[in-house]
Amino acid sequence: MSFTFNPINEEKIKKLWGEYPKKESLTLPMLWMAQYQEGWITPEAIRTIAARLELSPSHLFGIATFYTMFRLSAVGTYHIELCQTLSCALCGKDALIEHLGKKWGIRPGETTEDGRFTLSLVECLGGCGGAPMLSLNETYHENVTPESLDALLEGLS
Amino acid sequence: MIQRIVSRKFDIPDAHRIDVALLHGGYATLSKAFAMEPDAITTEIERSGLRGKGGGGAPTGKKWRLMPKTISPSYLVVNADESEPGTFKDRQILQYDPHLLIEGIIVSAYAMGADHAYVYIRGEYKAFHDRLVEAVEEAYERGYLGENIRNSGFNLSLSVHRGAGAYICGEKSALLESLEGKRGHPRLKPAKPECEWYFGHPATVNNVETIATVPFIVQEGFEAYRAYGTDQSPGTMLFAMSGHISRPGVYELPFGLRMMEVIDELGGGVKNGKKLKAVIPGGASTPVLTAEEAEKATLDYETLSAMGSGLGTGGMIIMDEESCMVKALHNLLSFYRHESCGQCTPCREGTGWVDTLIRHILAGRGDETHIQTLLDVSKTMNGQTICVFAPAVSGVINAFVKKFRPEFEHYFQRSEG
Ligand SMILES: Cc1cc2nc3c(=O)[nH]c(=O)nc-3n(C[C@H](O)[C@H](O)[C@H](O)COP(=O)(O)O)c2cc1C
Ligand code: SF4
Ligand code: FES
């Protein structure tokens, strides 16, 4: 399997090429595009980006593993990133983790068997004022309670 | 108590749209700024005493003067990484008044002679990123960015660059490494003060709120800014409260207010009528204060550093009487273990060890030697690393252990062998 950027991303890349003095700066933007396109960053995508930027695939791999948001394997349709840092801990993140496990069978670091949900515990998302909080497919939900969590998950198709 | 300098348009519906922003004075500073000599703007900022709001509190004007005028192109890089636990202030500007940030960027870049600006925004802030990108597009369309801005002869391009989840990329040199497409590894500090460098070209890194303050100072004059705050901490800051507080949130306040007045009056006091045990004053990396210390604290750089802590990002984390300080420290140490960039041995290994030690204590398998080892390891993390991440962790550990030692000892007795 090979990887190519779709035409929309190719347009974006062309534009970005002019926004930075050196093309290495496109590393993170291109990894983002690959992740959005495929759902995760495939080895083929790494090779393609490396070739485009004239960098080694191992260098690219080192970048992709350094940044926690880059995924090197597929996640569920719904990716729950629950904040586990101090303000959220003080305001009840443990109860949410327990609830997700008991009622929904969703456990930290795992994807449910039906492939619908992945739960990741993440560090402070800058939503401390609405602790406890989580991000569901990159949308923030703050002041989460077990009840509001049920409503949120039940509302998903 | 509340003052509105950067938060002036926060309550205006749709102020993130350029038409609304313009109706309420958005970009009004530009004509005044372009009529001034660039250097005169820097002087105005210097006189205002503006200090960086990213956590360090460095004088902004002095920093701008480090930009060599002879090398081109040069860059202004805005730090919107906002990853310090307990901090959620810059996102308010991005969400409610992104045009104020853009206006600040134009004026600041003009003052320091920067040709291009980047806003480096943490990857998780997808919604705020999208909002800022829209605002930037609007600004280009109306001629506030690009070539010959408002017929001033000044050109500036602006790009928004997304991070991808790494606390350390908030550190300015790590941020620049990341912007260069590398891992976010902080750089060795130069022997003498100099500007930062992006691909070998001069760069200045400033926090979102710092840059958003610039238009007010240029428009109203440095005295107007100095009218707020204290002599050493002039002006205002977006202070945040989270944790066990009745009304968490972000409030723009002059420096120097009593911490407890802010907690009680704006924050509505400790949640559920409980008593206060501790406050982390300015983001997770500032040493914790006891309730007694919080009584004496005022929200300014000089008082908090004299108390052995710091103003940091102004993000207060409030902990009530029932909070377990051992668990709280453990929570922070596992954060630091995860976020150490791994370049320096004392930091990479140290953050792992202190986390492991605390786990032992929490599991009831600890004794005095664990506390001593914790303090010993913390000492090795201070003053021997590339960036101040590790020394900050050291300070966090020392404050928790020294101020709440009986709570740690309490866990010894739970030992079941
Ligand atoms: C570990 C670490 C993390 C930091 N994180 C941030 C951050 O998220 N946002 C920020 O503006 N500054 C952060 N800083 C401070 C920056 O290095 C830099 O001083 C600041 O962005 C400069 O802007 P200012 O002078 O306007 O505050 C961090 C520093 C360290 C050591
Ligand atoms: S102190 Fe820690 S975070 Fe800073 S450069 Fe060294 S290893 Fe990286
Ligand atoms: S501690 Fe959870 S968002 Fe900051």
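Above: the structure in question.
Residues numbered from 1 in each chain as written. Chains lettered and ligands numbered in written order. Predicted model: local features only at pLDDT ≥ 70, side-chain atom pairs only at ≥ 80, totals over all residues. Heavy atoms only, no water.

A. Main features of the site of ligand 2. As a structural note, the neighbourhood of ligand 2 is formed by 13 residues, with Cys341, Gln343, Cys344, Cys347 and Cys387 of chain B the closest of them. Of the residues belonging to the shell around ligand 2, the class tally is nine nonpolar, four polar and no charged. (Near = heavy atom within 4 Å. Nonpolar A, V, L, I, M, F, W, Y, C, P; charged D, E, K, R; others polar.)

B. Spotlight on the packing of helix H3 (residues 38–48) of chain B against helix H9 (residues 208–220) of chain B. All names here are of chain B. At a minimum axis separation of 10 Å, H3 and H9 run at an interaxial angle of 100°. By the angle between their axes, H3 is roughly perpendicular relative to H9. The residues of H9 that touch H3, namely those facing Ile41, Glu44, Ile45 and Ser48, are Val214, Ile217 and Val218. A class-by-class count of the residues in the contact of H3 with H9 yields five nonpolar, one polar and one charged. (Axes fitted to C-alpha atoms, helices over the stretch in contact; angles between N-to-C directions. Helix = DSSP H or I, 4+ residues; strand = E, 2+ residues; numbered from the N terminus. Parallel < 35°, antiparallel > 145°, perpendicular 65-115°, else oblique. Contact = heavy atoms within 4.5 Å.)

C. The arrangement of helix H3 (residues 43–53) of chain A in detail. Residue and element names in this part refer to chain A. Looking only at H3, the buried set comprises Glu44, Ala45, Ile46, Thr48, Ile49, Ala50 and Leu53. The elements touched by buried residues of H3 are helix H1 (7–17), helix H2 (27–38) and helix H4 (57–66). Backbone geometry just after H3 places Glu54 at a positive phi near 55°. (Buried < 20%, exposed > 50% of the residue type's maximum accessible area, 1.4 Å probe, protein only.)

D. Spotlight on the interface of chain B and chain A. Counting residues at the interface gives 54 residues for chain B, matched by 36 residues for chain A. Where chain B abuts chain A, roughly 3,400 Å² becomes buried across the two surfaces, and 60% of that area is made up of carbon and sulfur atoms. When the area that chain B buries against chain A is broken down by residue, the three leading residues are Arg162, Ala164 and Phe199 of chain B, summing to 16%. The interface formed by chain B and chain A includes two salt bridges. The salt bridge partner of Arg162 of chain B is Glu138 of chain A, with a shortest N-O separation of 3.0 Å. Where chain B meets chain A, there are 22 residue pairs in polar contact (both at pLDDT 80 or more). With seven residues, helix H14 (residues 325–339) of chain B is the single largest residue contributor to the side of chain B that touches chain A. The residue inventory of the side of chain B that touches chain A, partitioned by class, reads 24 nonpolar, 19 polar and 11 charged. (Buried area = accessible area lost by both parts, 1.4 Å probe. Salt bridge = Lys/Arg side-chain N within 4 Å of Asp/Glu carboxyl O. Polar contact = N/O pair within 3.5 Å; in protein donor to acceptor, adjacent residues only side chain to side chain.)

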